[in-house]
Amino acid sequence: MSWEIVIGLEIHVQLATKSKLFSGAKAGFGAAPNTQTTLVDLGMPGALPVFNQEALRMAVAFGTAIDAEVCKHSVFARKNYFYPDSPKGYQTSQMDHPIVGLGHLDIQLEDRSIKRIGVTRAHLEEDAGKSLHEDYDGMTGIDLNRSSTPLLEIVSEPDMRNAKEAVAYMRKMHAIVTTIGISDGNMAEGSMRCDANVSIRPKGQEKLGTRAELKNINSFKFIERAINVEVERQIDILEDGGKIVQETRLYDSDKNETRPMRSKEEANDYRYFPCPDLLPVEIDDAYIDAIRQSLPELPDQRSARFVSQLGLSEYDASVLSASRTLADYFEAVVLVCNDAKLSANWVTGELSKYMNQHNVEIDQVPVTAVHLGQLINRIMDDTINSKGAKAVFDELWNQAGEVDAIIEANGLKQVSDIGAIEAMVDDVIASSPKQVQQYADAEVEKRGKMLGFFMGQVMKASKGSANPGQVNGLLKKKLDLLC
Amino acid sequence: MTHKTLVQIAKDLAAGKYSSREITQDIIADIKARDAVYNSFISLSEDLALGQADAADARIKVGNADILTGVPFAHKDLFCTQGHTTTAASKMLANFVPPYESTVGQRLLSAGAVCVGKTNMDEFAMGSSNESSFFGAVKNPWDLNAVPGGSSGGSAAAVAAGLVPAATGTDTGGSIRQPASFCNLTGIKPTYGRVSRFGIIAYASSLDQAGPMCQTAEDAAIMLNAMAGFDEQDSTSVQQETPDFTAELNLPLHGLKVGLPKEFFGPGLNPQVAECIMAAVKEIEKLGAQIIDISLPNLELSIPAYYVIAPSEASSNLSRFDGVRYGYRCDKPENLMDLYCRTRAEGFGTEVKRRIMVGTYALSEGYYDAYYVKAQRIRRLIKDDFARALSQVDVIMGPVAPTPAFDLGSNTKDPVAMYLEDIYTLSANMAGIPAMSAPAGFVNGRPVGLHIMGNYFAEAKLLNIAHQYQQVTDWHLQTPTSNNVPVSNQEKGA
C-alpha cells in the first residue's frame, strides 16, 4: 500500500526578553541552579505574576511578521498539573484566546516550488524548570532558573507531507524569529525546539490516521531523522495489521528510534481556566501597527531584494536568505568585494561545503566575511587563480592569518609575468616532443582537448600560480606555429 | 491600654504619655496573660515588634511620625511577614517563614505601625466560624460559647477583646465583615484591586481583598489609608489614586439615598437581627438619608456561584503546597506520587480538602461549562444587579449575616448550613464592590453588624456613613468587659 505522511509541528521559541514572562528575574541560560529566580518563579505563597510587556511586543511582532491575525483580546489560562519542576502546580499559558490567530508560512521545496503551510495559532506561555536526575545521589535536583522564562508556542496545521518539508518549515520559522530578533534561535540551548505530530494514512484517504507526538526535538537534523524513523515504525505496524496508539514519544538520537514517554491512560486533565491573577491582555490597532512598521526586512523581502538589487538567481537568493546570520554574512562579503554573484558562489559553495564537513553553523565559521570578501577581491584582481583561492580559503578556515599574508607565505600569487610564463611554456614544449607531434597530427577540432596536457604541465611547473588565461593563450599560439 | 482606639493611642504617643516600646510590651504581656481563653493569636512576634517599636520611638522623637507610627496592630496569619512564621492556620505551613513581607505589611511598617503577632483564622481563609484552624477554634470574647465568625476570626476576637486596637483581615466572601459583625467591630472590605494582594496567601484570587478590622470607622479609615494603593507587583491592583479615606468622615448625610434590597430581609433572616438593622437604618434616615426599596434579584444565586468559583480558584492556588520546596512534607515518601498524596492528605484539613475537591471537579473536562462557565455567567448577573441598584441609590444596606454569632460546633457537621451564613456577604465579592460592617446592636448579648455596600471606589462614602452613625450611637463603644452589660436594641429602646 502507498502511504501519505501527515506532519504538524508545535514550535517552542524562547523569547529573548531580558527578564522572565511573569517576574523580574533574568531570563538567561547557563547560570548556577536557582540563582535566576524570584518569589514568583519559586511559587512562594502570595507571590503574584506580572506580565512582561516586552514578551507581548515580541509575540505581536511575530504575528505581524507572518501576517497572521493578532488578537486584540487574549487571555492567560492556567494549565494545572503536578510536577516538581512546575513550582506553582500549574503552568500559565493561553488556551481559548491566544495572542496570535490564523496565519501561514511559505516554504520552498526541494524542487524549488513554493508550498504554503498553515499556522493555526501562536500563544505565550511560561516554561517549566528543570529536574536534574544525575549528580544527586539517587535524589532529584530542581533548577528553577528556566521557570517562567517566556515561550511562544507556534502551532502549525497538519500541512506537511514529509520530513524535509517539516525541516524547511522549521528553518523558515527560525529565519523569521531570528530576523525579527525575538529569539536567539539557539537550538542546542533549547531556545527553539519542536514537537512533531506524525501520522500516516493510505494515499487518497481523507481521514487522518492516529498520530504520535514526538517531543522536544532540538535540531534540524533530528527533526528529519525522528520523523522518518517514526514514519517507518508506523508503516511497519500498520502493514503488519497493527494499530497506532495515540501517545507521546521521545526521539533517541543515539539509537535513532522513538519510544513512548507516557501513555494515554496517564493523560492529564489539565483543568484549564482563566488565570485570575492576570488581567486579559487588551491591545489596539495603533499598538499592532506600530510594531508592524518597526519590523526589519523579513526573509522573503530580503530574498526578493537579492534578486532585484543584486541580480542573484531566485534559488541562490532563497538559500542565502534562509537564515538571518547567513544573509548577514553574505551581505558583509558583498560589501567588501562588491560582487554579489561571486560572493553567492563562495558562500553557497566552498563555505557551505566546509560548514557541512565540519558540522558548524554559520555563526561559528572561522572565516570572517571580511576575509572572504578580500579573498574574492584577490581573485578579481587576478592576484590568485581559483585553485589558489581554494588553498587560501582552506588556510583561512584554519585561521592562518590575513589573506595577503597567506598568499605570500604559500607562494600562491598568480604569475602574470609574460616572460616567465613564456619560458615555462617553451620548456614544456621542448621537453614533450611526442605530445607536440600528436598535437600536430590531430585534426584541428580535436586540438583544443589536447591542449589540456600542456596546460597541466605548465601549471605544475608554476606550482599552480601561473595565470591560466595567459598560459592558455601562449600555448595555443606557440603550438599552432609549430604545426 | 485595653480598648483604646488607634486614634487614642496615636494621640498618647504623640503627647509622650508612653513610648511605643512601652505600649508594645504592655500589649504583648496582655496577650500572653489573656489570650489563652480566646486563642485569637497563632504567634507573637515580640522581638520584631520591639525593634519596630524602637524605630517608631526614634521617628516620634525627631518629629517624623505618621499617625500610625508606634501603634501596635496584628496581622491575620495569611499575610506573609518577613522572618516570622506565616501559617495560614494550616499544618501545611506551620513551619513556613517567608523571606519577604506582603505589600500591605510593608506599607504598614513604612507608616511605622508595630506588628505584635499573627492572628488565628480559618485554615487558608476557608470558613465562616474560625473552627477550621489547625491551631484550634477561636472563642468570641462576647460569649465564649459563640464563634467569632470567620475566616478572620482571630483578628476580630483580638480587637474585640481589647488585645490590640486594630488588625488586618481578608475578605473573600465575607471574611472581614461577618466576624466584624459577630464581634462588634468596624471592618471594611475595599473595592477589589484597591489593596494589593501581593504577599497574602491566595484563597480565591478574583475575590480576595484585604482590609482593616477596628473599633471605629475613623480607625478603619486611618488603617485603610496605609494599606491601600496601587502595587505594580499585583496585576489586579488598580492604578487609581488613593484618596484620604478620613477626608469625608465628617460630611453630613443629607440627601444620601440608601437602598434596602428586599432579598436581604427574606425569611432566612433572624427577626431580632432584622430589628437591629431596621433601627440602624432609621437612625441613618434621621441623619438626612432617604430610604428606598430596591431589589437584587440574583442574590440567591451568589451562594452556588461562589461555591464553584472560589473552590475552583483555590484548587489551583493551593497546588503549590506539594511538599517539594517549603512547608509540610510527609515522612519518608516512597516516590513522587506518594510524596504528593501523603503531604497533601496530611497537611490540609477537612474543609480545605473539601474545597480543593469541589474546585477540581468543577474545572474538570466535561464539567467546566456546566459549573465554572455558568458560575461566571451568574457572577455577571450579580454585577449587573448591583450596577442597576447603584444607579438608583448611593449605598445599599442590610444585615451582614442572617444571625448573630452561632454556638461553637453548631454548624461544623453541616458544611452547607455553614455556607448559607454567607448569603449577604458573597455578592459584594462577586461584584468587586466595597462593603463594610459597623456595630448596630445586640441580640441576646451577641453583636449585630450593619452591612453597608457602595459603588466601586466608594470606600470613603461608606466610612463617612459609618462614622456619622457612630457619632449618634454607642454600639461600637461597647466592650465585652464594659460594666454596661450589652442589651438588645429593643431593651435599650424601651
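Note that the structure is a prediction, hence the values are computed from the model and not measured.

Reading the values: the criteria
- Residues numbered from 1 in each chain as written.
- Chains lettered and ligands numbered in written order.
- Predicted model: local features only at pLDDT ≥ 70, side-chain atom pairs only at ≥ 80, totals over all residues.
- Domains from an automatic or database assignment.
- Axes fitted to C-alpha atoms, helices over the stretch in contact; angles between N-to-C directions.
- Helix = DSSP H or I, 4+ residues; strand = E, 2+ residues; numbered from the N terminus.
- Parallel < 35°, antiparallel > 145°, perpendicular 65-115°, else oblique.
- Left-handed = near helix turned anticlockwise from the far one by under 90°.
- Contact = placed C-beta atoms within 7 Å.
- Nonpolar A, V, L, I, M, F, W, Y, C, P; charged D, E, K, R; others polar.
- Core = buried A, V, L, I, M, F, W, Y, C linked by C-beta atoms within 7 Å.
- Buried ≥ 20, exposed ≤ 12 C-beta atoms within 10 Å, placed from the backbone.
- Pairing = 2+ DSSP bridges.
- Right-handed = clockwise from strand over helix to strand, strands pointing away.

> Describe in detail the domain arrangement of chain A, supporting the description with residues and values.
Split into domains, chain A comes out as domain 1 (3-289), domain 2 (297-409) and domain 3 (418-482). Here domain 1 of chain A and domain 3 of chain A have C-alpha centroids that lie 64 Å from each other.

> Let's hear about the packing of helix 2 (residues 163-179) of chain A against helix 3 (residues 220-239) of chain A: which residues, and what values?
All names here are of chain A. Here helix 2 crosses helix 3 at 155°, and the two axes come no closer than 9 Å. Our classification of the angle between helix 2 and helix 3 gives roughly antiparallel. Judged by the sense of rotation from one axis to the other, the crossing of helix 2 with helix 3 is right-handed. Every residue of helix 3 that contacts helix 2 at Ala163, Lys164, Ala166, Val167, Met170 and Arg171 is listed here: Phe220, Ile223, Glu224, Ile227 and Asn228.

> I'd love a proper account of the interface of chain B and chain A, names of residues and values included.
In many reports, interface size means the accessible area that the parts give up when they come together. Contact with chain B, which involves 32 residues of that partner, is made by 24 residues of chain A. Broken down by secondary-structure element, the contributors of at least two residues to the side of chain B that touches chain A are helix 9 (302-317) and helix 10 (336-347) of chain B. No other element matches helix 9 of chain B, which puts three residues into the side of chain B that touches chain A. In terms of residue class, the side of chain B that touches chain A is built from twelve nonpolar, twelve polar and eight charged.

> Break down the nonpolar core for me, citing the residues and quoting the values.
Ranked by internal contacts, the top residues of the largest apolar core, which has 227 residues, are A:Ala59, A:Phe62, A:Ala166, A:Ala196, A:Ile223 and B:Ile452. Ranked by residue count, the leading element in this core is helix 2 of chain A, at ten residues. Dropping the residues within four chain positions of it, A:Ala59 is found in contact with A:Ile99, A:Val100, A:Ala122, A:Leu124 and A:Leu152. In this structure, A:Val333, A:Val367, A:Leu375 and A:Phe393 belong to the second largest nonpolar core, which totals 32 residues.

> Requested: an account of the pairing of strand 12 (residues 247-252) of chain A, with residues and values cited.
Residue and element names in this part refer to chain A. Here four bridges tie strand 11 (residues 212-217) to strand 12, and the two strands are oriented parallel to one another. Counted as the bridge partner of leucine 214 is arginine 249 from strand 12. Each parallel crossover has a hand, and for strand 11 linked through helix 3 to strand 12 it is left-handed.

> Describe in detail the pairing of strand 6 (residues 114-126) of chain A, supporting the description with residues and values.
All names here are of chain A. Bridge count for strand 5 (residues 103-108) against strand 6 is six bridges, and the pairing is antiparallel. Following the sheet pairing, isoleucine 107 is matched in strand 6 by lysine 115. The loop that links strand 5 with its antiparallel partner strand 6 comprises five residues; one of these, arginine 112, has a positive phi angle of about 70°.

> I'd like a description of the sheet that holds strand 3 (residues 76-80) of chain A, backed by residues and values.
All names here are of chain A. Spatially, 4-3-14 is the arrangement adopted by the three strands of the open sheet, whose pairing is antiparallel. Lying at the two open borders of the sheet, with one neighbouring strand each, are strand 4 (90-94) and strand 14 (273-274). Sheet analysis places strand 3 next to strand 14, joined by two bridges and oriented antiparallel. When the sheet's bridge partners are listed, alanine 77 is paired in strand 14 with proline 274.

> Break down the environment of B:Gly162 for me, with residues and values.
All names here are of chain B. Within the secondary structure, glycine 162 is located in the loop between helix 5 (153-160) and strand 4 (166-170). Each C-alpha atom of the pair glycine 162 and proline 141 lies 9.3 Å from the other, and the pair is 21 residues apart in sequence. Not counting residues up to four positions away in its chain, the partners in contact with glycine 162 are Thr2, His3, Thr479 and Thr481.

> Hey, could you go over unusual backbone geometry for me, with residue numbers and the actual values?
A cis amide bond, omega 5°, links B:Gly150 with the succeeding residue B:Ser151. Mapped onto the elements of the fold, B:Ser151 is located in the loop between strand 3 (114-119) and helix 5. Positive phi is not limited to glycine here, since A:Asn34 has a value of about 60°. Mapping A:Asn34 onto the fold places it in the loop between strand 1 (3-14) and helix 1 (53-65). On the neighbour-count criterion, A:Asn34 (15 C-beta atoms within 10 Å) is partly exposed. Positive phi values are uncommon outside glycine, yet A:Asp67 reaches one of about 60°. According to the C-beta neighbour criterion, A:Asp67 is partly exposed, with 13 such atoms within 10 Å.

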